[in-house]
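Chain by chain, the residues:
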Amino acid sequence: MIGLISATAAGAAARDRLAAAWPDRTRVYGGPVADAVRAAFAECDRLVCFLATGAVVRLVAPLLHGKTDDPGVVCVDEAGRYAVSLLGGHGGGANELAREVGEVLGAEPVVTTATDAVGLPGLDTLGLPVEGDVAAVSRALLDGEAVALRAEVTWPLPPLPVAAEGAYTVRVTDRSVEPADGEAVLRPPTLVVGVGASKGAPVEEVLGLVEGALREAGLSAASVAELATVDAKAGEPGLVEAARRLGVPLVTHPAEALARVAVPNPSDAPLAAVGTPSVAEAAALVGGGELLVPKRKSAGSPAMATCAVVRRPGPGRLAVVGLGPGARDLLTPRARDELRRASVLVGLDQYVDQIRDLLRPGTRVLESGLGAEEERARTAVEEARRGQAVALIGSGDAGVYAMASPALAEASDDIDVIGVPGVTAALAAGALLGAPLGHDHVSISLSDLHTPWEVIERRVRAAAEADLVVTFYNPRSRGRDWQLPKALAVLAGHRAPATPVGIVRNASRADESVRLTTLAALDPATVDMMTVVTVGNTATRQIAGRMVTPRGYRWQEETR
């Protein structure tokens with residue numbers, strides 16, 4: 001919950017705007033300001049104070065306990081110009097909250113955390129347990145000193161400016177190790193603990209078994225991702241409570257799915273009881289991985305629990321990102337986040353140049369020229385299969401005549417694929433023209449590099465006969481100068497010569513141009529590959545210099 005505190009009428013107005021925007025996330029604290037801050041500090045995980053920073057510093061100073069315990073605090077000035085991350089930038093979430101507050105109120109977020117200031121991800125912001133000499137390693141990264149990455153398990157980390165060797169180390173491991181001097185240890189959730197239990201098995205017996213198995217194998221409980229068992233044990237109190245105390249979910253699987261998993265130690269007892277010859281080993285192995293601890297029984301007499309431990313390295317991550325039509329303000333926040341999340345960026349060189357300044361230090365860039373789409377897709381998937389966090393970029397929306405299709409054709413379920421939508425060229429052009437896409441519409445690429453012209457022409461004819469507004473992508477190039485005239489001729493067989501046509505070149509870029517003409521007057525020679533051509537349907541009209549397609553056909557009937 002986010003506590004909101006204000007002292008003046010101006011502060012209360014901004015406070016109320018935030019409360020209205022986030023009704024389920026916020027709580028307004030009234031009364032004397034000092035009392036309100038004390039109450040919110042004790043009850044909320046984050047605070048937004050519409051007060052001077054000096055006043056907030058004096059009010060919260062006596063309340064501070066420690067970096068890992070205190071809530072994040074953001075200050076917003078009386079004029080609503082700045083949202084200052086004052087306390088708990090990383091651990092308390094104040095940095096992100098300042099950015100969110102800024103979006104709602106139109107304020108400038110002020111973040112002074114060192115790593116954020118220079119574009120480095122903080123080691124304590126990666127979503128993984130971290131311990132050891134975190135401050136010293138972070139300072140070394142900031143100072144550009146050599147920091148080595150020692151990855152004992154695979155995990156898709158964001159970019160870090162690391163070297164092969166260095167006086168400082170970032171160690172990625174699921175083993176129970178004591179961090180050395182100058183070492184920060186990240187513990188990814190790579191371990192799955194399969195558990196079986198008799199009815200009424202005590203939680204202490206289950207926990208003792210799991211913790212003992214991890215300890216003897218030299219594995220860290222901080223890297224346990226889940227407890228896994230059979231569906232029949234989903235409500236077993238000892239298992240439910242053990243998962244709660246470990247802070248992980250209890251994941252269950254159908255008996256028939258577990259029965260199909262090959263295990264080294266099957267048994268007749270669970271087969272008779274729940275329909276599978278293995279619970280602990282099969283539940284741990286059902287998603288694949290390396291069996292580190294074979295089935296073992298608890299120490300009770302009789303033993304009421306079993307467990308097994310599997311290492312399941314994190315799958316690589318492939319984000320297929322649409323950059324939009326080119327303007328920076330049309331790049332979505334989600335796309336921006338994925339660019340900063342990726343340790344490897346793959347893309348066409350001219351698109352890489354558009355967003356190179358957004359990449360974090362340490363990002364590895366793999367760029368190539370025109371005509372290498374399939375090679376870029378294969379490269380991105382291969383990097384993700386190596387356990388990297390990869391962003392594959394394309395203009396517009398990555399799923400529209402761009403990189404999503406070839407990438408997904410190469411991908412399989414051994415990597416996580418995230419689609420990040422972008423503003424398409426058709427939408428950018430449509431906004432500039434007016435409202436040409438107000439009714440049913442279709443996009444057709446006139447490039448016959450991947451599609452036979454006979455197929456393209458059949459699609460154009462179908463769109464013409466169906467009276468759809470048509471947006472032509474890739475309409476004309478030096479080597480392909482006849483396709484657009486043929487497509488327009490097909491449309492002319494079903495549309496009046498005065499049908500509006502919009503010509504938009506380089507939508508949203510510095511040299512953008514917008515023209516409105518008609519089907520009869522359009523000169524194909526004025527069109528190139530940087531142009532989007534939108535041809536209206538029989539209802540499309542020019543209204544006040546805009547191209548408008550009404551949502552219904554009533555207008556068309558009334559104007560006949």
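Refer to the preceding data block for the structure.
Residues numbered from 1 in each chain as written. Predicted model: local features only at pLDDT ≥ 70, side-chain atom pairs only at ≥ 80, totals over all residues. Heavy atoms only, no water.

A.B. asks: What should I look at first to understand the pattern of salt bridges in this one?
C.D. replies: If charged atoms from side chains of opposite charge come close, those side chains can pair. In the structure shown here, the tally under the stated rule is 29 salt bridges. In this structure, Glu241 and Arg245 form a salt bridge, with 3.0 Å as the shortest nitrogen-oxygen distance. Residue Glu241 and its partner Arg245 are located together in helix H8 (residues 237-246), separated by four residues, close to a single helical turn. Accessibility expressed as a relative area gives 44% for Arg245, which makes it partly exposed. We note a salt bridge from Arg328 to Asp357, for which the minimum N-O separation is 2.9 Å. Of the two residues, Arg328 sits in the loop between strand S16 (316-322) and helix H12 (333-341) while Asp357 sits in the loop between helix H13 (349-355) and strand S18 (364-368), which places them 29 residues apart along the sequence. According to the relative accessible area criterion, Arg328 is partly exposed, its value standing at 32%. Under the relative-accessibility criterion, Asp357 is labelled exposed at 55%. (Salt bridge = Lys/Arg side-chain N within 4 Å of Asp/Glu carboxyl O. Helix = DSSP H or I, 4+ residues; strand = E, 2+ residues; numbered from the N terminus. Buried < 20%, exposed > 50% of the residue type's maximum accessible area, 1.4 Å probe, protein only.)

A.B. asks: Mind showing me how you'd approach the pairing of strand S17 (residues 344-348) here?
C.D. replies: Two faces, one strand: in a regular strand the side chains alternate between the faces of the sheet. For S17, the buried fraction is high: five of the five residues fall into the buried class. One ladder, built from five bridges, connects S17 with S18; its direction is parallel. What sits directly across from Leu348, in S18, is Ser368. For the crossover that starts at S17, traverses H13 and ends in the parallel S18, the hand is right-handed. Relative to strand S19 (residues 389-394), S17 is paired through three bridges, and the arrangement is parallel. From the neighbouring strand, Val346 faces S19, where its bridge partner is Leu392. (Pairing = 2+ DSSP bridges. Right-handed = clockwise from strand over helix to strand, strands pointing away.)

A.B. asks: Any chance you could explain the environment of Val76 here in plain terms?
C.D. replies: Within the secondary structure layout, Val76 lies in strand S4 (residues 72-76). Spatially, the C-alpha atom of Val76 lies 7.2 Å from that of Val48, the residues being 28 residues apart in sequence.

A.B. asks: I'm lost on the packing of helix H7 (residues 203-216) against H8 in this one. Help?
C.D. replies: Axis angle and axis distance: for two packed helices, these are the angle between their axes and the distance between the axes, and together they describe the pair. Running from amino to carboxyl end, H7 crosses H8 at an angle of 50°, the nearest separation of the two axes being 8 Å. In terms of orientation, H7 lies oblique with respect to H8. When the axes of H7 and H8 are compared, the crossing they make is right-handed. Only Gly238, Leu239, Glu241, Ala242, Arg245 and Leu246 of H8 make contact with H7, whose side of the interface consists of Val203, Glu204, Val206, Leu207, Val210 and Glu211. For the contact of H7 with H8, the class distribution of residues is seven nonpolar, one polar and four charged. (Axes fitted to C-alpha atoms, helices over the stretch in contact; angles between N-to-C directions. Parallel < 35°, antiparallel > 145°, perpendicular 65-115°, else oblique. Left-handed = near helix turned anticlockwise from the far one by under 90°. Contact = heavy atoms within 4.5 Å. Nonpolar A, V, L, I, M, F, W, Y, C, P; charged D, E, K, R; others polar.)

A.B. asks: Quick question: what am I supposed to make of the sheet that holds strand S21 (residues 434-435) here?
C.D. replies: Within a sheet, adjacent strands bond to each other through the backbone by hydrogen bonds, running parallel or antiparallel. Across the sheet, which stays open at both edges, the three strands sit in the order S21-S28-S27 with mixed pairing between neighbours. Whereas interior strands pair on both sides, the edge strands pair on one side only; in this sheet they are S21 and strand S27 (541-543). Sheet topology places S27 next to strand S28 (residues 546-548); three bridges connect them, and they run antiparallel. Among the inter-strand pairings, Ile543 is bridged to a residue of S28, identified as Arg546.

A.B. asks: Got a minute to help me understand the environment of Arg15 in this structure?
C.D. replies: Relative to the elements of secondary structure, Arg15 occurs in helix H1 (residues 9-21). By relative accessible area, Arg15 is classed as buried at 15%. Taking the C-alpha atoms as reference points, Arg15 and Leu4, separated by eleven residues in sequence, lie 6.5 Å from one another. The residues touching Arg15, leaving out its near neighbours within four places in the chain, are Leu4, Ser6, Val28 and Phe50. Side-chain polar atoms of Arg15 contact the side chain of Ser6, separated by 3.0 Å. (Polar contact = N/O pair within 3.5 Å; in protein donor to acceptor, adjacent residues only side chain to side chain.)

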